[in-house]
Amino acid sequence: MQWETVIGLEVHVQLATRSKIFSGASTAFGAEPNTQACAVDLGLPGVLPVLNEGAVAMAVQFGLGINAEIPEVSVFDRKNYFYPDLPKGYQTSQMYHPIVGPGEVEITLEDGDTKRIRVHHAHLEEDAGKSLHETFTGEMGQGMTGIDLNRAGTPLLEIVSEPDMRSAGEAVAYLRAIHAIVTYLGISDGNMAEGSMRCDVNVSVRPQGQEAFGTRAEIKNVNSFRFVERAIAFEVERQIELLEDGGKVVQETRLYDPDADETRSMRTKEEANDYRYFPCPDLLPVKLERDYVEHLRATLPELPAEKRARFQNELGLSAYDAGVLAASRPMADYFERVKEVCGDAKLAANWVQGELSGQLNRENLSIDDSPVSAEQLGELIRRVMDDTINGKAAKQVFQALWNGEGDSADEIIEAKGLKQVTDTGAIEGMIDQVISDSPKQVAQYREAAPDKRGKMIGYFVGQVMKASRGTANPQQVNQLLKEKLDG
Amino acid sequence: MHEKTLTELADGLAAGEFSSRELIESLLSRIKRLDGELNSFITVTGDQALAAATEADALRARGEAGPLAGLPIALKDIFCTRGVRTSCGSRMLDNFIAPYDATVVEKLSQAGLISLGKTNMDEFAMGSSNESSFYGPVKNPWDLNAVPGGSSGGSAAAVAAGLAPAALGTDTGGSIRQPAAFCGITGLKPTYGRVSRYGIIAYASSLDQAGPMAYTAEDCALLMNVIAGHDARDSTSVPRPVPDYRAELNAPLEGLKIGLPKEYFGDGLDSGVENAVREAIKVYESLGATIHEVSLPHTHLAIPAYYVIAPAEASSNLSRFDGVRFGHRCENPSDLIDLYKRSRAEGFGDEVKRRILMGTHTLSEGFFDAYYKKAQQVRRLIRQDFLDAFENVDVLMGPAAPTAAFDLGAQKDPVSMYLQDIYTIAINLAGIPGISAPVGLVDGRPTDGRPTDGRPTGLQILGPHFSEARLLNVAHQYQQATTWHRQRPAFAKETR
């Protein structure tokens, strides 16, 4: 039987506010346990939450970024359950009236096609703390669990998709698109390793052509693009095998274990909590004035989809190039700066995606850490365009800039004597020398049939370039050599 | 000194008739002598109070003291106080010392008022008799066999007994007004949102409101001037200017339209209480007010709606008391679930457990729509009843409680206890303000049949949202014309 995979994602994005969603405590990552938790985060008796306006603005920006409906009123609800790292015994979230209504996200598939994934809604909520199960030392430490509430109250935007994805690849593309949007908007650092972005994946399979969804399993807290792909791959295979063996998929929560590369059952639907949601009486409904929303809309930056379209339509880049360059804001910004300095979008795209990206990947650096600045690269490209250097020398210059051997392309060209020789007399001199040094090769060339000569001329070009230490203009060398050899 | 009102004490301090130190010392000594019997305080902060009094006297000597500097007050043990135990009447918080002051505590202290200590209360403010406190019941100073009312029973009893001239209470379903009526003092529940809830241990967040309890409406006005106002730390506090609550106290009542809700004078109302209330209303007529019968048709739904909404919120608010971070933790838990179960089983009393279970039930899947949602709809109807009534009358009047104080242990089943709040609860659901002022002494109908002509009863006056100044005016005018607010129980006499 042919099976179709159905995937929906719940992406949790940590918003980049300086303070928590309901308190003034800092949200900075990596502090000593419980040093960034105030009385409100600790859930001490008598304290009350006060909503952080920054978190609201960021959520609305996201909503506008995915062309979502922004309801005039949203309401915070309490989700009640007991857990040691949940200080109040409830999580303040939005169940019935989320801040962002239905919207959509465009993803680019591997073949370059695009597909729209519908977002059901996005809601604001607070994060819980963290249980530390490592061994505590000392007499009392045996078998104890520590609680770190630094994360408690960190603002999260939970983005819930419709079950519109049909493969692990689409799910990853969707996750990347969300990542790009939130980082473009600057509302999250998107750092998955630090937990700034993680997702729950709902996976089911159904016979190809069947309309009804199969029973789904939810894989909790997957925190990398790679793990999303692998968790889905494992889960799809597991479910298909199960069904083909005549079994049934049970609705349950599962955990992906990256070490074993498998998903494992956490709890079944029967054990699921009854969260007893009800509107939080400590917080007023959030009313968004139209003016406020329109003001936020006006300040939105250009987002990945628009940027990709502009790169394609206005700059004439290929769909692939446009997609890659627009996928991350730092990359797009870098490329645009290079393009501005050199004035040629295609060359800029080639260099950024070729030489620069290659080198960054080899050294495992992000674009923000590139030792070659966009200005430096733009200048370098300009020197290729105005024939100051040839392509080969340009690569040398790039490497020298990367290694910090000079501050600008010009400085390095000067220091290394890489200026292209375009003086016909000088080139002719070098050609004559090469011809007289290589009588055997000249004889062979002249005896060869004209259609074979094209390949043979490479030897002479190489010799001349060598003699010029790579600075001769290759086109001129080619042209003059032909004239002289063909006589 | 202990029979003086807060206003009189302020005048005495200003005139140099006595010092704050003398005043505080005398009250502390009364607490020491009398409170063993009364049990109105959970914690007395004598040393701190004396130090603050010395400081207040020094300020006054330098001419730097505000008008309320050096005046004593008692705080219900539901208000968080920095460095002082805040137990909320529960074993759960017997060891809890808050690291911060409630906003109202901060405001009182900025105004120079001095806390004598923390008063007894029903556990987590759940109760109408003060019998659910982990620290034992409070006795009513008018009759030591009687309850003081609840949940702010300790505050009411302490004032009535002359252990403190004023106190703060909280009122979720009548917890200021009913004990004020039972103890013969004046208590105001302000409009929801008028006084900050920050630092008040939450029972039912959408209903809780702090307010003053004192001998007179004038004193309540004095305290409202201190505690009312917007607080950025409480999102439900209303950003609306605070009037001078004393400014209108002497406005004449000529032409005041008083509505008498017929639902407040029906079955279950003790005839003694009814007579006292009707006598008080005659006084108002003599002051130029006109009387109009009105109807609040959804009154009978108030108690059922309250006992869905309040426990629902309480079940959630009390989840944080889990033995993990603060408060009571059981000995040697075997695992996490054991820690939760035993800490909560040991830490909470029966009434608290009952309401947590009710709230958990009504919020749970499959019951939410039938109970919680329905109760919220009823709540809107009740609120609308009041808004409709205030289209035609200025204030509403009725009894604060159906009977005078009952005997300790007399209300055996929870539901009959819940019915104690039949006239007070709707006000919290509607969010409007209400004041209770003493209007007589009646027969408490004790369980053993003794005659008890001497238990106080209260008149409840209700007004539209943010009409506190008017309510205080209406109560004050009555107190200018009568002396019920001047009556003190024998227990409070100086000879004790």
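About the cut-offs
Residues numbered from 1 in each chain as written. Chains lettered and ligands numbered in written order. Predicted model: local features only at pLDDT ≥ 70, side-chain atom pairs only at ≥ 80, totals over all residues. Heavy atoms only, no water. Helix = DSSP H or I, 4+ residues; strand = E, 2+ residues; numbered from the N terminus. Rg over C-alpha atoms; globule rule 2.2 N^0.38 Å. Lys, Arg positive; Asp, Glu negative; His and termini not counted. Charge placed at Lys NZ, Arg CZ, Asp CG, Glu CD. Phe/Tyr/Trp six-rings, centres within 6.5 Å; stacked < 30°, edge-to-face > 60°. Buried < 20%, exposed > 50% of the residue type's maximum accessible area, 1.4 Å probe, protein only. Lys NZ or Arg CZ within 6 Å of the ring centre and 35° of its normal. Contact = heavy atoms within 4.5 Å. Buried area = accessible area lost by both parts, 1.4 Å probe. Salt bridge = Lys/Arg side-chain N within 4 Å of Asp/Glu carboxyl O. Polar contact = N/O pair within 3.5 Å; in protein donor to acceptor, adjacent residues only side chain to side chain. Nonpolar A, V, L, I, M, F, W, Y, C, P; charged D, E, K, R; others polar. UniProt positions renumbered as here; feature names shortened; annotations may be inferred. Patch = residues over 30% accessible without salt bridge, like charges linked within 9 Å, V, L, I, M, F, W, Y side chains within 5 Å. Areas by Shrake-Rupley, 256 points an atom, 1.4 Å probe, with all protein chains shown as cover. Pairing = 2+ DSSP bridges. Axes fitted to C-alpha atoms, helices over the stretch in contact; angles between N-to-C directions. Domains from an automatic or database assignment.

Structural notes on the overall build of chain A
Looking only at helices and strands, chain A has 16 helices and 15 strands in total. Over its C-alpha atoms chain A spans a radius of gyration of 30 Å, topping by over 25% the 23 Å that the globule rule assigns to 487 residues. Across its three principal axes, chain A shows a C-alpha extent of roughly 95 × 60 × 55 Å. Looking at charge distribution, chain A has the averaged site of its 51 positive side-chain charges lying 4 Å from that of its 76 negative ones.

Some details on the packing of aromatic side chains
Tallied over the entire structure, the rule returns 28 aromatic pairs over all chains. For the pair B:Phe386 and B:Phe390, a centre-to-centre distance of 6.4 Å together with 20° between the ring planes defines the contact as stacked. Note that B:Phe386 and B:Phe390 are positioned in helix α12 (residues 369-392) at a spacing of four residues, about one turn of the helix. Like B:Phe390, B:Phe386 is buried. Put simply, the rings of A:Tyr81, A:Tyr96, A:Tyr275, A:Tyr277, A:Phe278, B:Phe368 and B:Tyr372 pair up and form one aromatic cluster. When the ring centre of A:Phe225 is taken as reference, the NZ or CZ atom of A:Arg176 above it lies at 4.2 Å. Above the face of the B:Phe466 ring, B:Arg240 is positioned so that its terminal group lies 4.2 Å from the ring centre.

As for the interface of chain B and chain A
Counting residues at the interface gives 38 residues for chain B, matched by 32 residues for chain A. Of the roughly 2,700 Å² buried at the junction of chain B and chain A (both faces included), carbon and sulfur atoms supply 59%. In terms of surface lost to chain A, no three residues of chain B exceed B:Ser235, B:Arg320 and B:Arg325, which account for 22% of the buried area on that side. At the junction of chain B with chain A, the criterion picks out one salt bridge. A salt bridge links A:Asp282 to B:Arg197, with the nearest nitrogen and oxygen atoms 3.1 Å apart. The tally of links from chain B across to chain A stands at 16 residue pairs in polar contact (both at pLDDT 80 or more). Looking at which element gives the most residues to the side of chain B that touches chain A, the answer is helix α9 (residues 302-317) of chain B, with four residues. Residue composition of the side of chain B that touches chain A, grouped by class: 19 nonpolar, 10 polar and nine charged.

Some remarks on unusual backbone geometry
All names here are of chain B. For the bond from Gly 150 to Ser 151, the omega torsion is 5°, close enough to zero to count as cis. With a phi close to 65°, Asn 39 is a non-glycine residue in the positive phi region. Tracing the chain through its elements places Asn 39 in the loop between α2 (20-38) and β1 (41-44). Phi angles above zero are rare outside glycine, and Asn 130 is one such case at about 65°. Tracing the sequence through the fold places Asn 130 in the loop between β3 (114-119) and α5 (153-160).

Brief notes about the side chain of B:Asn317
Checked against the element boundaries, B:Asn317 lands in helix α9. With a relative accessible area of 3%, B:Asn317 lands in the buried category. A distance of 2.8 Å separates a polar atom in the side chain of B:Asn317 from a polar atom in the side chain of A:Arg78. Ignoring anything within four residues of it in the chain, the contact list for B:Asn317 reads A:Arg78, A:Tyr90, B:Ala202, B:Tyr203, B:Ala204 and B:Ser205.

Let's talk about the UniProt feature "domain: Amidase" (unreviewed entry) in chain B
In the UniProt entry, the feature "domain: Amidase" (unreviewed entry) is given for residues 22-472 of chain B. Secondary structure over residues 22-472 of chain B splits into 37% helix and 14% strand, and the C-alpha atoms at its two ends are 30 Å apart.

Regarding the UniProt feature "domain: Asn/Gln amidotransferase" (unreviewed entry) in chain A
The UniProt entry lists residues 333-485 of chain A under the feature "domain: Asn/Gln amidotransferase" (unreviewed entry), expressed in the numbering used here. Annotated as residues 333-485 of chain A, this span is 74% helix and 0% strand, and its ends, taken at the C-alpha atoms, are 49 Å apart.

Let's talk about a nonpolar patch on the surface
Residues and elements named next belong to chain B. A cluster of nonpolar side chains, namely Val 415, Leu 419 and Ile 422, defines an oily patch on the protein surface of about 230 Å² accessible area. Structurally, Val 415 is set in helix α13 (residues 414-418). Since its relative accessible area comes to 48%, Val 415 is described here as partly exposed.

Digging into helix α7 (residues 319-326) of chain A
Restricting attention to buried positions, one finds in α7(A) the residues A:Asp321, A:Ala322, A:Gly323, A:Leu325 and A:Ala326. Structurally, α7(A) contributes buried residues whose contacts are with α3 (168-185), α6 (304-313), α8 (329-342) and α9 (345-362) of chain A.

Some remarks on the side chain of B:Arg30
Note that B:Arg30 resides in helix α2. Residue classification places B:Arg30 among the buried positions, given a relative accessible area of 1%.

Side note on the sheet that holds strand β8 (residues 290-294) of chain B
Sheets are built from strands paired through backbone hydrogen bonds, the pairs being either parallel or antiparallel. Residues and elements named next belong to chain B. Here we have 11 strands laid out as an open sheet, ordered β1-β3-β2-β4-β6-β5-β10-β11-β9-β7-β8, and mixed in their pairing. Both outer strands of the open sheet, β1 and β8, are each paired with one neighbouring strand and no more. Adjacent strand axes in the sheet meet at a mean angle of 30°, parallel and antiparallel pairs treated alike. Examined bridge by bridge, strand β4 (residues 166-170) and strand β6 (residues 210-214) share five bridges and lie antiparallel to one another. The partner of Gly 169 across the bridge, within β6, is Gly 211. Contacts between α12 and the sheet are confined to β7 (257-261), β9 (395-399) and β11 (453-462), with β9 contributing the most and set at about 115° to the helix.

Quick notes on the environment of A:Gly43
Note on placement: A:Gly43 falls in the loop between α1 (39-42) and α2 (53-65). Note on A:Gly43: relative accessible area 0%, which makes it buried. Considering only alpha carbons, one finds A:Gly43 and A:Glu106, 63 residues apart in sequence, at a separation of 40 Å. If we skip the residues at most four places from it in the chain, A:Gly43 touches A:Pro87, A:Lys88, B:Arg320 and B:Phe326.

A look at the sheet that holds strand β9 (residues 155-161) of chain A
All names here are of chain A. Here eight strands make up an open sheet; going across it, the order is β5-β6-β9-β1-β10-β11-β12-β13 and the pairing mixed. Strands with a single pairing partner mark the edges of an open sheet, and in this sheet they are β5 (103-108) and β13 (262-268). Direction aside, neighbouring strands of the sheet carry axes that sit 30° apart on average. Direction of pairing for strand β6 (residues 114-126) relative to β9: antiparallel, over a ladder of seven bridges. Paired with His 123 across the two strands is Glu 158, which belongs to β9. The strands touched by helix α4 (residues 225-244) within the sheet are β1 (3-14), β10 (197-207), β11 (217-222), β12 (252-257) and β13, with β10 carrying the most contacts at an inclination of about 25°.

Some thoughts on a negative patch on the surface
Residue and element names in this part refer to chain A. Where like charges cluster on the molecular surface, the negative patch consists of Glu 110, Asp 111, Asp 113 and Glu 229. Mapped onto the fold, Asp 113 is located in the loop between β5 and β6. Take Asp 113: its relative accessible area is 45%, and that puts it in the partly exposed class.

A look at the domain arrangement of chain A
Residue and element names in this part refer to chain A. Domain boundaries assigned for chain A yield domain 1 (3-292), domain 2 (302-416) and domain 3 (424-486). For domain 1 versus domain 2, the separation of C-alpha centres amounts to 36 Å. Opposite the nine residues of domain 1 that make contact, domain 2 presents 11 residues. Carbon and sulfur atoms make up 60% of the surface buried where domain 1 meets domain 2, a total of about 760 Å² over both sides. Across the contact surface, domain 1 and domain 2 share one salt bridge. Where Glu 106 meets Arg 308, a salt bridge forms, and the shortest distance between an N and an O atom there is 2.6 Å. Secondary-structure elements contributing two or more residues to the side of domain 1 that touches domain 2 are β5 and α3. If you tally residues by element for the side of domain 1 that touches domain 2, the top one is α3, at five residues. Split into classes, the residues belonging to the side of domain 1 that touches domain 2 amount to four nonpolar, four polar and one charged.

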